[in-house]
Amino acid sequence: MRAPLALACAALLALLCSGCAPEWKWRYAPDPPTSRLPLLDNTVAVPNLSDERPPNKEQNVALHLLLVFVPGVLYQTNEVERPEQIPGNEMQFHPTEDVARALADEITNRRLFKATVYSPAGSQGDLILRGRLSSTHGEMTIYQYGLNGVGVYTWFLGIPAGTSKRQLTFTLQLEEPQSESILWQKSYKTERSTTEGLYYGTPAGHIVFDSMLKELMPQILADLEQAIKGMTTAAAGGSRGP
């Protein structure tokens, strides 16, 4: 019986931790560069986002593993606010830095500014695009179907092993350091729910938050471009005078 018990524990632990394997890492590919003149003749610095996420709740992983063998337990749910801080995992995910770098790369390729610089402290630009990260919430529900340890084997039949839910929320604002004015600000939020199984669901090694950011990026760039065009129009009107 030792092998079946070990298999059940390993399968459950992998789903609960959702990132314990060393190969789990951030994968983000920006769109190719746009061939055009920059919209604004300024340099913008993109610092790391400030981290406003709540801390992780205390999780008793041993208890979760034991519950798989309790008859009548239909499912169990595990929640995490900061997935990169799950004890014992080696997830290559640094959200405040990863999101900032992705933004800098996309803005560079979109040619919104004369130059875009990723600057962890935000000290190298005429303008600064700051961000506040408020959520990387994750929720994993494991289905046991009331069959205690035997329920894990139903997953091999293609029956859903559970569901995962993730939320990515952050706010961006474009600042002018000299005047300390906020030129533009907007919040973004996206959620994703996935049915997980041994043969489908989230691919192994995928953090998911990278693809969630990729889905948001067209709207972010469009909003920022519209704001820049509004700024240039207002500046042109002011220079002409009455």
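Residues numbered from 1 in each chain as written. Predicted model: local features only at pLDDT ≥ 70, side-chain atom pairs only at ≥ 80, totals over all residues. Heavy atoms only, no water.

## As for a nonpolar patch on the surface
Phase 1 of the analysis: There is a patch of nonpolar side chains on the surface, built from Tyr 145, Leu 147, Val 150, Tyr 153, Phe 156, Leu 157, Ile 159, Leu 198, Tyr 199 and Tyr 200 and spanning about 940 Å² of accessible area.
Phase 2 of the analysis: Tracing the chain through its elements places Leu 157 in the loop between β6 (138-143) and β7 (162-176). (Patch = residues over 30% accessible without salt bridge, like charges linked within 9 Å, V, L, I, M, F, W, Y side chains within 5 Å. Areas by Shrake-Rupley, 256 points an atom, 1.4 Å probe, with all protein chains shown as cover. Salt bridge = Lys/Arg side-chain N within 4 Å of Asp/Glu carboxyl O. Helix = DSSP H or I, 4+ residues; strand = E, 2+ residues; numbered from the N terminus.)

## Observations regarding the nonpolar core
Phase 1 of the analysis: Counting residues in each nonpolar core, the largest one holds 38 residues, and the members touching the most others are Trp 26, Phe 113, Leu 129, Phe 170, Leu 213, Ile 220 and Leu 224.
Phase 2 of the analysis: Considering every element that reaches this core, the biggest residue donor is helix α4 (residues 209-240), with 10 residues. (Core = buried A, V, L, I, M, F, W, Y, C linked by side-chain atoms within 4.5 Å. Buried < 20%, exposed > 50% of the residue type's maximum accessible area, 1.4 Å probe, protein only.)

## Section: the packing of aromatic side chains
Phase 1 of the analysis: Under the criterion given, the structure shown has six aromatic pairs.
Phase 2 of the analysis: A ring pair is formed by Phe 170 and Tyr 188, whose centres lie 6.0 Å apart and whose planes are at 35°; its orientation type is tilted. Taken together, the positions of Phe 170 in strand β7 and Tyr 188 in strand β8 (residues 181-196) put the pair 18 residues apart, joining distant regions of the chain. The exposure classification of Phe 170 matches that of Tyr 188, with both residues buried. (Phe/Tyr/Trp six-rings, centres within 6.5 Å; stacked < 30°, edge-to-face > 60°.)

## Examining unusual backbone geometry
Phase 1 of the analysis: Look at Tyr 145: it is not a glycine, yet its phi comes out positive at around 60°.
Phase 2 of the analysis: Positionally, Tyr 145 belongs in the loop between β6 and β7.
Phase 3 of the analysis: Accessibility expressed as a relative area gives 32% for Tyr 145, which makes it partly exposed.
Phase 4 of the analysis: Positive phi, close to 55°, is recorded for Glu 180, a residue that is not glycine.
Phase 5 of the analysis: Secondary-structure assignment places Glu 180 in the loop between β7 and β8.

## Observations concerning the confidence of the model for the protein
Phase 1 of the analysis: Mean pLDDT for the protein: 84, with 83% of residues reaching 70 or above.
Phase 2 of the analysis: Throughout residues 1-22 the model reports pLDDT below 50, and contacts reaching past four residues in sequence, or to other chains, amount to 41 contacts. (pLDDT = per-residue confidence, 0-100. Contact = heavy atoms within 4.5 Å.)

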